[in-house]
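Here's the letter readout for the chains.
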Amino acid sequence: LKTGDQCELSYPSEDELQPLISSLLERHNLQLSENSISYLMKRLPRDPLSFDNIFGKISELSLQKGKPAGLG
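Residues numbered from 1 in each chain as written. Predicted model: local features only at pLDDT ≥ 70, side-chain atom pairs only at ≥ 80, totals over all residues. Heavy atoms only, no water.

(A) Highlighting the overall build of the protein chain. Within the protein chain, the regular secondary structure consists of 3 helices and 0 strands. When the elements of the protein chain are put in sequence order from the N terminus, they spell out α-α-α. The C-alpha atoms of the protein chain give a radius of gyration of 15 Å, which is well past the 11 Å a tight globule of 72 residues would have. Buried residues in the protein chain amount to 26% of all 72 residues. Taking as baseline every contact in the protein chain between residues at least 6 positions apart, the subset at least 24 positions apart corresponds to 61%. A total of about 6,000 Å² of accessible surface is found on the protein chain, and carbon and sulfur atoms cover 51% of it. A gap of 10 Å separates the mean positions of the 8 positive and 10 negative side-chain charges of the protein chain. (Helix = DSSP H or I, 4+ residues; strand = E, 2+ residues; numbered from the N terminus. Rg over C-alpha atoms; globule rule 2.2 N^0.38 Å. Buried < 20%, exposed > 50% of the residue type's maximum accessible area, 1.4 Å probe, protein only. Contact = heavy atoms within 4.5 Å. Areas by Shrake-Rupley, 256 points an atom, 1.4 Å probe, with all protein chains shown as cover. Lys, Arg positive; Asp, Glu negative; His and termini not counted. Charge placed at Lys NZ, Arg CZ, Asp CG, Glu CD.)

See the structure below:
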């Protein structure tokens, strides 16, 4: 154990969030504008595990209403 590398786990930094969010949105077939993504980035919890659930719910609601997802 003394010769092993030390690693620190932390939540993604601000510059790492954009690609992560874009990837998850693409997985859920959601196309949001840059303004919408910026809005989400400011309001999402910093726990990336919750992102998939949130975007899944947005996708589900979008399909139910038959409207594209957006700030409205």
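Next comes the rest of the description.
(B) Molecular detail of unusual backbone geometry. Unlike most non-glycine residues, Asn 29 shows phi in positive territory, near 55°. Take Asn 29: it is sitting in the loop between α1 (14–27) and α2 (34–43).

(C) Examining the environment of Ser 50 more closely. Here Ser 50 shows up in helix α3 (residues 49–65). Polar side-chain contacts of Ser 50 include one of 2.7 Å to the backbone oxygen of Asp 47. (Polar contact = N/O pair within 3.5 Å; in protein donor to acceptor, adjacent residues only side chain to side chain.)

(D) Highlighting the packing of aromatic side chains. Counted by the stated rule, this structure contains 1 aromatic pair. Ring centres 6.4 Å apart and planes at 45° place the aromatic pair Phe 51 and Phe 55 in the tilted group. Residue Phe 51 and its partner Phe 55 are both found in helix α3; the two are separated by 4 residues, about one turn of the helix. Comparing Phe 51 with Phe 55 shows no difference in burial state: the two are buried. (Phe/Tyr/Trp six-rings, centres within 6.5 Å; stacked < 30°, edge-to-face > 60°.)

(E) Looking closely at the side chain of Ser 62. On the secondary structure map, Ser 62 appears in helix α3. On the basis of relative accessible area, Ser 62 is assigned to the buried category, the value being 15%.

(F) Spotlight on α1. Taking 1.5 Å per residue, 14 residues should reach 20 Å; α1 reaches 21 Å between its end C-alpha atoms and fits that length. By the burial criterion, the buried members of α1 are Leu 17, Ile 21, Leu 24 and Leu 25. Angular distribution of buried residues about the axis of α1 spans 100°; they occupy a single face of the element. Seen from the buried face of α1, the exposed residues on the opposite side, beyond 90 degrees, are Asp 15, Glu 26 and Arg 27. (Expected span 1.5 Å × (residues − 1). Arc of directions from axis to C-beta.)

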